[in-house]
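# A structural walkthrough
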Amino acid sequence: MSALETGAERADPVLRMQGITKRFGSVTANEDISFSLHKGEVIALLGENGAGKTTLMNILFGQYSADKGVVEAFGTPLPAGAPRAALDAGVGMVHQHFTLADNLTVWENIALGTQELGAFSLRPARVKAKTRDLSARFHLTVDPDARVGALTVGERQRVEILKALYREAKVLILDEPTAVLTPQETDALFATLREAISMGLSIVFISHKLHEVMAIAHRVLVLRHGRLVAEREIGDTNAEELASIMVGGEVRAPEVPALPAGPALLTLTGATAGVLQDVDLTLNAGQITGIAGVSGNGQGALSDLISGVLTLQSGEMQIAGQTPTHWDARTAIAHGVGRIPEDRHKAGTIADFDLTENAILETYQTDFSRAGWMDWTKARRHTEHLIQTYDVRCPGPDTPIRLLSGGNMQKLILGRVLEENPQIIVANQPVRGLDIGAVNYVHSRLAAARESGSAILLISEDLDEIMKLSDKIHVISEGRLSPAFLRGALSVAEIGKWMAGQGFAHAS
Amino acid sequence: MELLDILLSASFWAAAIRIASPLIFATIGELICERAGVLNLGIEGIMVAGAFAGWISVWAGLPLWGGVAVALIVGMAFGLLHSVLSVPFGLSQHVVGVGITLLATSVTFYTYRVVLPEVSSPPKIEAFQPFEIPLFSDIPLLGPALFSQTPLTYAAFVMAGLTAFVLFRTPLGLAVRAAGENPSAVAAQGLSVTAIRMGAVIVGSGLMAVGGAFLTMSAFDSFFFDMVGGRGWICIALVVFGAWRPGKALLGAILFAAFDALQIRVQQASLGTVIPYQIFLMMPYVLSILALVLMSRSAQVPAALMVPFNKGTR
C-alpha cells in the first residue's frame, strides 16, 4: 500500500539511472542497476567495499562512462563521461577523497570552474559574500579566506559541500561522508543535510555504516558484487536485515568479553616524541587497549614509537619492567613487538615482492638464512603454512603480493605477526577497507592472541570497532592521550568530546 | 670605495637590468609551466632554439618584431611536443625535458650549419636599440637603468606583471594554479586538466624562446654556440627562489643579474689583479645558491608538480 501511495504522490524523479552496466576488463563493477531519486528524498546506497557504489556514482557524475544504461537528471539524459554536464544539470558530488587544493584559499576553491575562463576578474568579494550567505543558511561555518590546508577534515568537508551548493546543486551525492568525522561532526553534518532536504534538495548518501543509513535515509538500496540486490523503505527494514542483505548471509561478529588486566608489558610515562606530548600508556598482557580518535592526531607517532621507528625525545618507555638502553625497529622485533602497520601497501608489504619474500621480511636474517645464504625452501614452507593457517586466498607463495585483495594481504601480514607469538601487538587500523568477512576474521584472531596473553594496542578511527574489542580505551587528540577508561565507561558522545580535544587539561 | 662606486653607478644597474631581461622571460615561462604542475627542463634547449630562430629570421629579412614572433612560435612548437609527451601520455617530466633540451639544441646547430655552411664567423643583424622613455629616462640613476633599455626589456617587465595578474586575478589563472595543486579538483569541476596543462606548457615555452631571442636580438647582434650557456638552468632555480610568484621571481632575476654585472666590474677593478678571475666568475652562482637556501625554505611548492594526472584512475 505504501508503494501505491508514494507512486501517486511523487512527481517526476529528479534523477534516474536505468540499466547501468560497467565493466573494468573482466571485472563487472555494475550490472544492470536502476533507481530513481525524488525531490526532497534521501536515498542511501549501502554496500561493502568493492560492491560498486563509488563506480555507480562516478558514472552518474560523468567521471566514468557506462558501457550500458541511461542517466537522466530532471528528465533530460546526461551525456556519458562529462562531469560538466552533471554539474550544469544541478548534480553536485562530495567525494570521499576531497577534491580541494590545499594551498589555495576556501573561496578560491569554491570559485574554481564557476566562472568563464576568459573573464578578467575573479570577483572575490562576490564569491566570498555568496559563500558566507550559504554558510549561514546551511550551518556550514568556515572562513572563506582560510587556506584549505590549514582546515580540519570536518571543515574541508564543509568546503566540499559549499562548492556544490555554490553551483546551486539540486542533488547532492555524498560518498562515505562520515568516514573522517568525529561523532559530533557527523551530527552537525546530518543537521546540514536535513536543512538541505527541507529546502527541496535531494541526496544520495553512500555508506557502509548501518546506523547512519537508518538515521538519515528515506529509502535504501543495497549493492552486492555490483548488483542491486534489495531496495527498502527505511520504515520497512532494520539494521540486522540490511547487514545480512549486504554481505549475503548471516553476519556473526566475534563476541569479545572484557578481560581483567594482566602484568604490564609496556609502559610509557610522560612520553614526548614527534607530535606526541606527555603520553602515559600501559599495555597489559591479555588485554586489548584501544586508541580512538580522528586520524592524524598522533596515532602514527604512537605506533611508530612502540614499533621502534620513532625515538623518544623525553619521558620513559619500559618493556616488561625494564628500560631498554636502545630502541629501534630491530630491537622492537627482538623484544617481541609485532606490527600491523596502518598502510599495508606502503609500510606493510613490498608490492612487487612475492608472498614468500613478504612473509619473511622481519625474520629473514634470523630464521631463514644460514651463513649468509637464504634458505628459500624453508621460507616457502613457512609461507605455505601461513597461507593455510590464515586462509590467504592466492594462487601460491610465488605470487607478487600486489595481486592480492586487501583482505588477503592483511591476512598474510596478520599471520606474519602472530606466528612469531608476539608479546606486544601494535595494530594500526587493522581492518580499514576490508569487507565484513575479513573484518570478523581479523578481529577474532586478535581476540585469540589476547587470550593467549599478548598485549594488544588497537588504533582505529572506527569507534564501533574500538568499543567492541577494547578492554580499555584511550582517546587521542592533537598528540595528547586521555586517561584510560574501561570498556563501557564512556558513551559515544563523551568519547566524541575527547576526540574534539575537550577534557584535556590545558598545557601551560 | 670602489665597490660603492660601482653599486651607485647608473651603467652598472643598466647592465644588470639588461642581463636580467632574458632571465625574466624564461623564468616567467618556467613559472607558468610549474604552476600548472609541469616541470619544463626543455628550457635550456628552447632558449637556444629561440635565440637562433629569432636571429636567423631577421638575418633572412624579417623585421625585428617578426623575428620575436618566429622565436615565440618555435618555442611554442617545442612546448607542444613537450606537453603532448608529458601531459596526456604522462611520461616522466625529467626525461621529456632533458630530451627536449637535447633535441632543440641539436636541431638548432644542425639548422645553423645547413643555412650557413661556409661562414667562419656568424653574420650580424641590426639588433633592437635602446628606447629612452621620455621624462622617466631623465630620473637620476633609475632613469638610465630602467628607462633607457631596449623594447624587449620593457616587454619582459610587462610580461611578468601580466602573468601575475592572470595567475592571481582571473578564473583562468585560478584554474592553472589549481591544476598544479590538485588536478582532481580541476577535473571535478568539469574543466580539462589536460588542456590547461598543455596550454600552460605551450605558452611558457614560447616565453622561454623569447628569452633566448633577447640574447641574439637585443643583448648582442649575432648567434654563437653556447651563448645560452646554462641560463635555462639558472631560471629553474630562480622559480624556486621566487617561490613560484612572478614578482619575487623577477626580483630574483635582477639580483642574479646584478651579481653577474658586479663580477665583471670587480674583475676590472684593483681587486681583480689580486684574486684569480675565476673566483669572480663563480660569485653569482655561489650567491644564488646561498640566496636559494635562504629563500626557498618558506616556499610553497605546487603540490602536484611533476605528478601526471590520468582521468579514471584512483
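These lines cover the structure that appears in this document, whether it is placed above or below. (Residues numbered from 1 in each chain as written. Chains lettered and ligands numbered in written order. Predicted model: local features only at pLDDT ≥ 70, side-chain atom pairs only at ≥ 80, totals over all residues. Heavy atoms only, no water.)

Another point: the packing of helix α3 (residues 43–59) of chain B against helix α10 (residues 193–219) of chain B. Residue and element names in this part refer to chain B. For the pair α3 and α10, the least separation of the axes is 6 Å and the interaxial angle reads 55°. Relative to α10, the element α3 is oriented oblique. Crossing handedness for the pair α3 and α10: right-handed. Residue-level contacts link I43, I46, M47, G50, A51, G54, W55 and V58 of α3 to S205, M208, A209, G211, G212, A213, T216 and M217 of α10. Taken together, the residues of the contact of α3 with α10 sort by class into ten nonpolar, six polar and no charged. (Axes fitted to C-alpha atoms, helices over the stretch in contact; angles between N-to-C directions. Helix = DSSP H or I, 4+ residues; strand = E, 2+ residues; numbered from the N terminus. Parallel < 35°, antiparallel > 145°, perpendicular 65-115°, else oblique. Left-handed = near helix turned anticlockwise from the far one by under 90°. Contact = heavy atoms within 4.5 Å. Nonpolar A, V, L, I, M, F, W, Y, C, P; charged D, E, K, R; others polar.)

A few words on the interface of chain B and chain A. Taken together, the contacts link 26 residues of chain B with 31 residues of chain A. Carbon and sulfur atoms make up 60% of the surface buried where chain B meets chain A, a total of about 2300 Å² over both sides. For chain B, the biggest contributors to the area lost against chain A are B:P171, B:L174 and B:Q189; these three give 28% of the whole. Inspection of the chain B/chain A interface yields one salt bridge. In this structure, A:E108 engages B:R177 in a salt bridge whose closest nitrogen and oxygen atoms are separated by 2.9 Å. Seen at the junction of chain B and chain A, the total is five residue pairs in polar contact (both at pLDDT 80 or more). Elements that contribute at least two residues to the side of chain B that touches chain A include exactly α7 (151–169), α8 (171–181) and α9 (183–188) of chain B. (Buried area = accessible area lost by both parts, 1.4 Å probe. Salt bridge = Lys/Arg side-chain N within 4 Å of Asp/Glu carboxyl O. Polar contact = N/O pair within 3.5 Å; in protein donor to acceptor, adjacent residues only side chain to side chain.)

Next up on the list: the sheet that holds strand β6 (residues 91–94) of chain A. Pairing between the strands of a sheet is mediated by backbone hydrogen bonds and can be parallel or antiparallel. Residues and elements named next belong to chain A. Read from one edge of the open sheet, six strands run β6-β7-β8-β3-β9-β10, paired in mixed fashion. Bordering the open sheet on either side are β6 and β10 (227–233), each of which pairs with just one other strand. Across the sheet, the axes of successive neighbouring strands diverge by a mean angle of 20°, strand direction being ignored. Inspection of the sheet shows strand β9 (residues 219–224) paired to β10 by six bridges, in the antiparallel sense. Bridge pairing in β10 links V222 to A230. The strands touched by helix α7 (residues 183–198) are β3 (42–46), β7 (171–175) and β8 (202–207); relative to β8, the strand with the most contacts, the crossing angle is about 150°. Lying over the sheet, helix α9 (residues 239–247) contacts β3, β9 and β10, oriented at roughly 30° with respect to β9. (Pairing = 2+ DSSP bridges.)

For the rest of this paragraph, the subject is the packing of aromatic side chains. Scanning the model with the defined rule gives 17 aromatic pairs over all chains in all. Ring geometry for A:F485 against A:W498: centres 5.8 Å apart, planes inclined by 55°, an arrangement best described as tilted. Here the residue A:F485 occupies a position in strand β22 (residues 485–486), and A:W498 occupies one in helix α18 (residues 492–499), the gap between them amounting to 13 residues. Assigned by exposure class, A:F485 and A:W498 land together as buried. Aromatic pair B:W55 and B:Y112: ring centres 6.3 Å apart, planes at 20°, arrangement stacked. Taken together, the positions of B:W55 in helix α3 and B:Y112 in helix α5 (residues 93–115) put the pair 57 residues apart, joining distant regions of the chain. (Phe/Tyr/Trp six-rings, centres within 6.5 Å; stacked < 30°, edge-to-face > 60°. Buried < 20%, exposed > 50% of the residue type's maximum accessible area, 1.4 Å probe, protein only.)

Summed over all chains, the structure comprises three cavities of 30 Å³ or more. Of the voids in this model, the largest cavity is the one considered here, and its volume is about 90 Å³. As for the largest cavity, its lining consists of A:F61, A:L87, A:G92, A:M93, A:H95, A:T99, A:E160, A:K163, A:A164, A:R167, B:A188 and B:Q189. Among the elements that line the lining of the largest cavity, the one with the most residues is helix α6 (residues 153–166) of chain A, at three residues. When the residues that make up the lining of the largest cavity are grouped by side-chain class, the tally is five nonpolar, four polar and three charged. Counted as a void, the second largest cavity has a volume near 40 Å³. (1 Å grid on protein atoms, 1.4 Å probe; cavity = no way out; pocket = protein on both sides within 12 Å on 5 of 7 lines; lining within 4 Å. Points joined across faces, edges and corners; volume = space filled by probe spheres on them.)

Residues and elements named next belong to chain B. Closest axis-to-axis distance for the α3/α5 pair is 6 Å, and the angle between their directions is 25°. Overall, the two elements α3 and α5 adopt an arrangement that is roughly parallel. Note on packing geometry: the crossing formed by α3 with α5 is left-handed. On the side of α3, the interface is formed by I43, E44, G45, I46, V48, A49, F52, W55, I56 and W59, while α5 contributes I100, T101, A104, T105, T108, F109, T111, Y112 and V115.

Another point: the environment of B:L262. Residues and elements named next belong to chain B. For L262, the position within the fold is in helix α12 (residues 246–268). Using a relative accessible area of 13% as the deciding quantity, one classes L262 as buried. In the structure, L262 is positioned 255 residues away from L7 in sequence and 8.0 Å away in space, judged by C-alpha atoms.

All right, on to unusual backbone geometry then. Within the chain, A:E478 stands out as a residue other than glycine whose phi angle is a positive 50°. Residue position: A:E478 is located in the loop between β20 (472–477) and β21 (480–481). Relative accessible area serves as the criterion here: at 55%, A:E478 is assigned to the exposed category. For B:W244, which is not glycine, the phi dihedral falls at a positive 60°. Mapped onto the fold, B:W244 is located in the loop between α11 (231–241) and α12.

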